[in-house]
Amino acid sequence: MSTNLSQQNTATAATHYLKTFDQLKMGYLLVRVDKDKHPNDYWVEETNNHLETILRTSGQLKNGLLSGLQPELKGLFDSIDIALVLRSEYSIEKLVNYEAIKQSVYLKAFSSEENLITIIVREHTEVADYEIRLQEQTEEIQAQNEELTVTNEQLSESFDHVYQSNVKLMQKEKELKAANNMLQLVLDHIPVRVFWKDTQSQYLGCNKNFAQDAGRSHSNEVVGKFDTDLFSDSIAKIYQNDDNQVMQSGISKLSYEEPQNDSKSDALRWLRTNKVPLVDDNNQVFGVLGTYEDISDFKSIEKELVTAKERAEQSDRLKSAFLANMSHEIRTPMNGILGFGQLLKEPLLSDEDRNHYVNVINVSGQKLLAIVNDIIDISKIESGQVELHQTQVNVHELLNSAKQLFEAEAKEKALKLEIESALSEDFTILQDSTKLFQILSNLISNAIKFTEHGVITIKAQLEKDYLSISVLDTGIGISEDLHEIIFDRFNQGNTKIVNKIKGTGLGLSISKGLLQIMGGKISLSSSPNEGSKFTIELPVKKNKG
């Protein structure tokens, strides 16, 4: 009689076990291997009903050999190396095209016991409704616990009956534990995070992924804890409010976003969460079931897209303002050339007036040429068409040439222009002389434009493996919030000041672009009304001196 009861309980547990997978909408296949007698034969030990639903077959698998199945089924399971699964502690996951239903199925195989392989089959197009499945499992487990309570009451009637019943109970608990372990194993392999709580928002269980998010290594370390034990107070309060809303209203809260603290870095990440009330047979809420997935990467991409859009709009506005200013800059010298050219046609011009008109035309032509050259230079830099012609450049001679070029312009404003060089007179650097002179000229020209009195100093020195050249002035200076954008191609910094001074405003952008191509960089140190210091750094490839 004891043997019959044991067999009956085992059959009941197996039936419950298979129903569990049916309710989870997963196919279940248990394969047995006799390593000693027939190591190459794989027998189908057990299947569930949903497996036949997925594979569109009926009763053709159980108690048969995998090798004896019809070609479509054999081809499907041949994709799993069962021998490898037996030797390995890890599971094997595959997405296999199943011709019988013209779609793919998801296979996962792992060794559950010695000589036994468990294969879980799921339709690839299936939408996982884990909330409903776990709710049904919770209700079944509760019913089983009530059955065990009745059994314990019966055990008190007699010692012999207690002994026999304890044997049955131990077997039942073993089977129940095995079923729960299998259910936990399945949950731990689900990519989404799953958790469930009681009416006090105390955790009753979770899967491994949720435990790791909460800074724990195993789900057992989460059971019995509250959100305040796992997350910051502000985040825990949000979670508890959501739990109370769902349990009090009895209405699910689906696909909403909420924050979570990263257990390792304490950084904030974003989740897409679902919560449903757990309801018993009397329609009473006894807890809440939740799932979520991490959408931090999607939120980050979304933020980057918004930032990029704002930058593009800002760039477009700056470009429009730049083009309007450029139109004015081109018209001014052009009007000078055309206007004074027309005046030269007057037959009774004195030599003095004629020379003056010619000089105005010459200056206007030079300004127009400078504008055109700036536009060409920035276009070449943007399109990657700048070519370098490197030679050994004598830095001492380069600095003196730049000083001589701007000395007259500096004297017109009563500014002192000087050189402070720690380099020897024969020091050379392998670079493009024309480009380097252009960069230095842009910096000196800007210093003169924005300095009303004082000194402009050109400093040069060798620091480790690079050449440093700085242009310092005692001018109006630049506020810190403009230090980065002043190098942008369509940005001239303080518009009110720049509008009073002629120019395209491309000099710094051109200088930065050329330096990057030459392997160097430019930096700025400045404060309002305290002058500015622009420094260029170039790697020293060859040093003579």
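Located above this text is the structure these notes cover.
Residues numbered from 1 in each chain as written. Predicted model: local features only at pLDDT ≥ 70, side-chain atom pairs only at ≥ 80, totals over all residues. Heavy atoms only, no water.

## Let's talk about the side chain of Glu258
And then number 1: Among the structural elements, Glu258 can be located in strand 8 (residues 253-261).
And then number 2: Of the side chains bearing the opposite charge, Lys275 lies closest to the buried Glu258, which forms no salt bridge; the N-O distance is 4.9 Å.
And then number 3: At a separation of 2.7 Å, a polar atom in the side chain of Glu258 contacts the side chain of Thr273.
And then number 4: Every residue in contact with Glu258, bar those within four places of it in the chain, is listed here: Ile238, Tyr239, Asp242, Arg269, Trp270, Leu271 and Thr273. (Helix = DSSP H or I, 4+ residues; strand = E, 2+ residues; numbered from the N terminus. Buried < 20%, exposed > 50% of the residue type's maximum accessible area, 1.4 Å probe, protein only. Lys, Arg positive; Asp, Glu negative; His and termini not counted. Salt bridge = Lys/Arg side-chain N within 4 Å of Asp/Glu carboxyl O. Polar contact = N/O pair within 3.5 Å; in protein donor to acceptor, adjacent residues only side chain to side chain. Contact = heavy atoms within 4.5 Å.)

## Structural notes on the side chain of Asn274
And then number 1: As for its placement among the helices and strands, Asn274 is situated in strand 9 (residues 268-279).
And then number 2: By relative accessible area, Asn274 is classed as buried at 18%.
And then number 3: Among the polar contacts made by the side chain of Asn274, one reaches the main-chain amide nitrogen of Ser255 at a distance of 2.7 Å.

## Some words on the packing of helix 13 (residues 433-449) against helix 15 (residues 507-517)
And then number 1: Between helix 13 and helix 15, whose axes approach to 9 Å, the crossing angle comes to 150°. If you check the angle between helix 13 and helix 15, you find them roughly antiparallel. In this structure, helix 13 meets helix 15 at a crossing whose hand is left-handed. Contact residues: helix 13 offers Lys435, Gln438, Ile439, Asn442, Leu443 and Asn446, while helix 15 offers Gly507, Leu508, Ile510, Ser511, Leu514 and Leu515. (Axes fitted to C-alpha atoms, helices over the stretch in contact; angles between N-to-C directions. Parallel < 35°, antiparallel > 145°, perpendicular 65-115°, else oblique. Left-handed = near helix turned anticlockwise from the far one by under 90°.)

## What about helix 9 (residues 233-249)?
And then number 1: Helix length check: helix 9, at 17 residues, gives a terminal C-alpha distance of 24 Å against a target of 24 Å (1.5 Å per residue), a fit within 8%.
And then number 2: Looking at helix 9, one finds that the buried residues are Ile235, Ala236, Tyr239, Asp242, Asp243, Val246 and Met247. Buried positions in helix 9, seen along its axis, are confined to an arc of 125° and lie on one side of it. Of the exposed residues in helix 9, those oriented more than 90 degrees away from the buried face are Asp233, Ser234, Lys237 and Gln248.
And then number 3: Buried-residue contacts for helix 9 involve strand 6 (193-197), helix 8 (227-230), strand 8, strand 9 and strand 10 (285-294). (Expected span 1.5 Å × (residues − 1). Arc of directions from axis to C-beta.)

## Regarding unusual backbone geometry
And then number 1: With a phi close to 65°, Asn283 is a non-glycine residue in the positive phi region.
And then number 2: Along the polypeptide, Asn283 turns up in the loop between strand 9 and strand 10.
And then number 3: A positive phi angle is found at Lys464, which is not glycine, with a value near 55°.
And then number 4: In this structure, Lys464 sits in the loop between strand 14 (455-463) and strand 15 (466-473).

## Observations concerning the sheet that holds strand 15
And then number 1: Across the sheet, which stays open at both edges, the five strands sit in the order 12-14-15-17-16 with mixed pairing between neighbours. Whereas interior strands pair on both sides, the edge strands pair on one side only; in this sheet they are strand 12 (416-421) and strand 16 (521-526). Across the sheet, the mean angle separating the axes of adjacent strands is 15° when strand polarity is ignored.
And then number 2: Sheet topology places strand 16 next to strand 17 (residues 532-539); six bridges connect them, and they run antiparallel. Note on strand 17: the bridge partner recorded for Ile522 is Ile536.
And then number 3: Strands in contact with helix 12 (residues 395-412) are strand 12, strand 14 and strand 15; relative to strand 12, the strand with the most contacts, it is inclined by about 170°. (Pairing = 2+ DSSP bridges.)

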